[in-house]
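Residue-level listing of the chains:
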Amino acid sequence: MHLLIQGCKRNDRDSQRLLYQHYYSYALSICIRYSRNTAEAKEVVNDGFMKVFGKIDQYNSDSSFKGWIRKIMINASIDQYRKELKHQQQSPVEFAHTVFTQPQAITNLSHEELIGLVQKLTPAYRVVFNLYVIDGYTHEEIGKILGISDGTSKSNLLKARENLRSMLEALNRISYEKVN
Amino acid sequence: MKKLTDQELDSLFKAASEGYQPAFDAAEWEVMANRLAQPKPSLWKKWIPYALVGLIIFSSGVWIGTTLNLDLVNNKEGGSMQEKALSLKNQKEQPITDQQPKGDETRIGESKHNNERVIGNVNRNLTDRNKEIANHIIFDPEIDGKDKNPDSEKHILPEKLQVDEFEILTNESPKDSTLHANEETKADTTKLIAEEQEKKKDRRLSHLIFIRALASPDFSAINFSSASSMGSNYAFLLEYQINSRLTISTGAIRSMKKYSYDDEITYSGHIADQLDGTCRIIDIPLNVYYSFPSQSKFSFYTGVGLSSYIMQQENYTYTVNYKYSSRSYSTQIDDKNNEWFKVLNLSAGVQYQLTPRIHLQTEPFLKTSLAGIGEGDVLLNSLGVFFGLKYKIN
């Protein structure tokens, strides 16, 4: 890995390719949670890797490279969230109308399907849920990052959880109806 | 169905996140490789149209200048030495135009008793005229542009012509007198030439002062992010020539800098998602310029120095994005921040000598902050191209 990083610092394309291949899956698993869909997540991953290659000189070898990449991917996702906020129509999504095409029990839901539920949250709920629950940020930190108050962050988390529960219940209900 | 607790719900999604392993998509590397191969977006792209306009203006100026200058040289100076010789020959054939009235010469020719007095007068005239000849011979348009008065050429007489005049007037021991006059004249001329050359050398080497009036578009940005809109610079500078290659320059540049930063930025303790700034600044540069040797009227130079910013007015609008909306805050700060020697100036330019005193200049520059600037303490960088004139005042 050290050699790969050194190669990337020299802008060696082969080193960049190998590093990209090595961390692509990990990076996508982070960005996909913050994005609306896989296509958007792939764009964010590439934005993140552009920052990785551009700022690799700033990487401190004492710290974990994987952790450094994780931080960059989260920041890239938050940048995307901000862009999304500027361009989106400001209408909250009604989860009651969410349609699930594959009825299953919660225990049988794949990781991909669960991530799909997170993607269905509104951007504001999704970003707070990801930052707090998955990535371990505090409400204070989230407030600073997103420019919102701690209270708003807590409120968004509460609503995100409620929406996810609703989606899971709806999923189970459909599954139950199908079985019977 | 039993309702999941917060902890159970979080654990479910955390496990999903950790367990999710999307496959590598080789096509994405192709996209990435293309992005890596592209040059980084820079301010220079936005410069191209302005640089082209500037180049056209500069080229037009050079073309007009060349045309005018050729006319001036032909009309006033005779241009080459051959033209000078031709001019002198013409003068020889024409009646002498001097301060001394023509009638005096006729009278002298008629009255030989007054010869000695007249010889004295003529000798004095010769000395004066020879000074003028010396001036003419060593005339340097760069040094003596002010002497390019058409009237001054009326006084220029060839040495031989004056000696002939002397012979006509005396009519006594013509050989001795002529030789004596020739020796004196040559000695005077040589001495004067040497003196003038010495003066010319001194003046050429140092103590020349120039004034420069320049204007430029200004593209400012924080941390070299892309510039959003164009500002302006109007400069009035004084330049002092230390020696034939080095000059120092200072003065004032009235600058309007406009910039926008479309990313998270900490500004006065707040975290904003976007910052738009418009600042009116008096820029006081202190630069050293090095001129590269040149045999033509074009010459190249490069400069380095430091600038101080007197922040006359700072207008900032910073935007914070909220859940479903964004909010903008504006602030104006007047005459608060003075930033002494915090900006590094780098520039390189080309100049064209339009007349002995006037140069056309074009000078691309980069100003980069060495420390935080203004109320926002931002690392502000500016690019531009100065276009203007340099005028020699001594």
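For the structure, check the block above.
Everything numeric here is computed off the predicted structure, so don't read it as measured data.

> Got a sec to walk through the environment of B:Tyr240? Specific residues and values, please.
Residue and element names in this part refer to chain B. Assignment of secondary structure puts Tyr 240 in strand β2 (residues 231-241). Note: C-alpha distance between Tyr 240 and His 207 (33 residues apart in sequence) is 6.6 Å. When sequence neighbours within four positions are dropped, the list of residues in contact with Tyr 240 reads Ile 209, Thr 247 and Ile 248.

> Can you tell me about the nonpolar core, naming the residues and giving the values?
In terms of nonpolar packing, the biggest core is built from 50 residues, with A:Ala27, A:Cys31, A:Val45, A:Met73, A:Val128 and A:Phe129 touching the most fellow members. At the level of elements, α2 (13-34), α3 (38-54), α4 (65-87), α5 (111-119), α6 (123-134), α7 (139-146) and α8 (150-179) of chain A together with α1 (6-19) of chain B are the ones that each hand at least two residues to this core. No other element matches the 10 residues that α2(A) contributes to this core. If we skip the residues at most four places from it in the chain, A:Val128 touches A:Ile142, A:Ser153, A:Asn156, A:Leu157 and A:Ala160. Of all hydrophobic cores here, the second largest spans 18 residues; its members include B:Phe219, B:Ala272, B:Met311 and B:Leu380.

> Explain the interface of chain B and chain A to me, and be specific about the residues and the numbers.
Opposite the 31 residues of chain B that make contact, chain A presents 35 residues. Put simply, the parts of the chain that give the side of chain B that touches chain A at least two residues each are α1, α2 (26-37) and β7 (298-321) of chain B. The element contributing the most residues to the side of chain B that touches chain A is α1(B), with nine residues. Its residues assigned to classes, the side of chain B that touches chain A shows 18 nonpolar, five polar and eight charged.

> Tell me about unusual backbone geometry, residues and numbers included.
A positive phi angle, close to 60°, is found at A:Asn11, a residue other than glycine. By secondary structure assignment, the location of A:Asn11 is in the loop between α1 (2-9) and α2. With phi around 50°, B:Phe341 is a residue other than glycine that occupies positive phi space. Mapped onto the fold, B:Phe341 is located in strand β9 (residues 338-353). For B:Phe341, a count of 14 C-beta atoms within 10 Å translates into the label partly exposed.

What counts and how
Residues numbered from 1 in each chain as written. Chains lettered and ligands numbered in written order. Predicted model: local features only at pLDDT ≥ 70, side-chain atom pairs only at ≥ 80, totals over all residues. Helix = DSSP H or I, 4+ residues; strand = E, 2+ residues; numbered from the N terminus. Contact = placed C-beta atoms within 7 Å. Core = buried A, V, L, I, M, F, W, Y, C linked by C-beta atoms within 7 Å. Buried ≥ 20, exposed ≤ 12 C-beta atoms within 10 Å, placed from the backbone. Nonpolar A, V, L, I, M, F, W, Y, C, P; charged D, E, K, R; others polar.

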